[in-house]
Amino acid sequence: LSRRPFAYTAKGDPYDLDTFYARGSVDVPNVNVAHWLGAIVDDPDIEKLSTSAHLNFEFDHGLLQGAKLSLASEELALKNGTSLKHMAADIWLKQNSPSEWSLWLERSQFSLKGRPWSLNNLGVRLARRPIGNRWQAYAQSMNLQEVNRLLTALNILPNDLGGRLK
């Protein structure tokens, strides 16, 4: 596929998912996400976010075989004063079966208060079951001290966690 703003190939009947096949890509340069989020959500926590994105996808055998979303943004500013800079991420979505989906953060990097951070190989799987949904989170590896430092730097942890749990 070429690097046009939108490109795709498809064959078969989209109403017959067992025989339908499609793949494509979408390029979206410099979208003001904060503006659009403000039009959808009453009071978004995001003050500033413009991002560029590239999406590749493939649909075959009645399932989304994979979709990869690559994002890049210079800054994400939150109302609480937190600002992430120089952000980039690759996110995958896969439909494992008609009732099971996986979302995987392959890699991400950003700067917070002048310090570089990265989050890699984190995922979540959602499966619909006859007796309810099942969520499963996974990480290839995780340093809990670093996670705590990041959450503290993001200023999203309550000062008194005990008071929040009562």
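This text follows the structure it describes.
Rules used in this analysis
All chains use their own residue numbering, which begins from 1 and follows the written sequence. With the structure being a predicted model, the display of local features is reserved for residues of pLDDT at least 70 and the display and counting of side-chain atom pairs for 80 or more, all residues being used for whole-chain, interface and lining totals. The side-chain quantities take in all heavy atoms of the structure and omit both hydrogens and water. Under the scheme used here, helices are H or I runs from DSSP no shorter than 4 residues and strands are E runs no shorter than 2 residues, and both carry numbers assigned from the N terminus. For every residue, the accessible area obtained with a 1.4 Å probe (protein chains only) is divided by the maximum for its type, and the residue is called buried under 20%, exposed over 50%, and partly exposed between those limits. The contact definition used throughout considers only heavy atoms, calling two residues in contact when any of these lie within 4.5 Å. Computed with a 1.4 Å probe, the accessible areas rest on the Shrake-Rupley method; for each residue, only the protein chains presented here act as cover. For our purposes a nonpolar core is just a set of buried Ala, Val, Leu, Ile, Met, Phe, Trp, Tyr and Cys residues, chained together by side-chain atoms within 4.5 Å. In protein, a polar contact means a hydrogen-donor-capable atom and an acceptor-capable atom, both N or O and within 3.5 Å, with residues adjacent in sequence counting only if both atoms are side-chain atoms; elsewhere, any N or O pair within 3.5 Å suffices.

### Description of the overall build of the chain
Stage number 1. In terms of regular secondary structure, the chain is built from three helices and eight strands.
Stage number 2. For the chain, the spread of C-alpha atoms along the principal axes amounts to about 55 × 40 × 35 Å.
Stage number 3. Burial statistics for the chain: of 166 residues in total, 27% are counted as buried.
Stage number 4. A sequence separation of at least 24 residues applies to 37% of the contacts in the chain between residues at least 6 apart.
Stage number 5. Carbon and sulfur atoms make up 57% of the accessible area of the chain, which amounts to about 11500 Å² in all.

### Points about the nonpolar core
Note that soluble globular proteins tend to have their nonpolar side chains buried in a common cluster.
Stage number 1. Ranked by size, the top nonpolar core spans 11 residues in total: L49, L76, L78, L84, M87, F110, L112, W117, L150, A153 and L154.
Stage number 2. If you list the elements that add at least two residues to this core, you get β4 (63-78), β5 (83-97), β6 (100-112) and α2 (144-153).

### Brief notes about the side chain of E75
Stage number 1. By the secondary structure assignment, E75 is in strand β4.
Stage number 2. For E75, the side chain forms a polar contact with the side chain of S83, separated by 2.8 Å.
Stage number 3. A polar side-chain atom of E75 sits 3.4 Å from a polar atom in the side chain of K85.
Stage number 4. In contact with E75, not counting residues within four places along its chain, are K48, L49, S50, S83, L84, K85 and M87.

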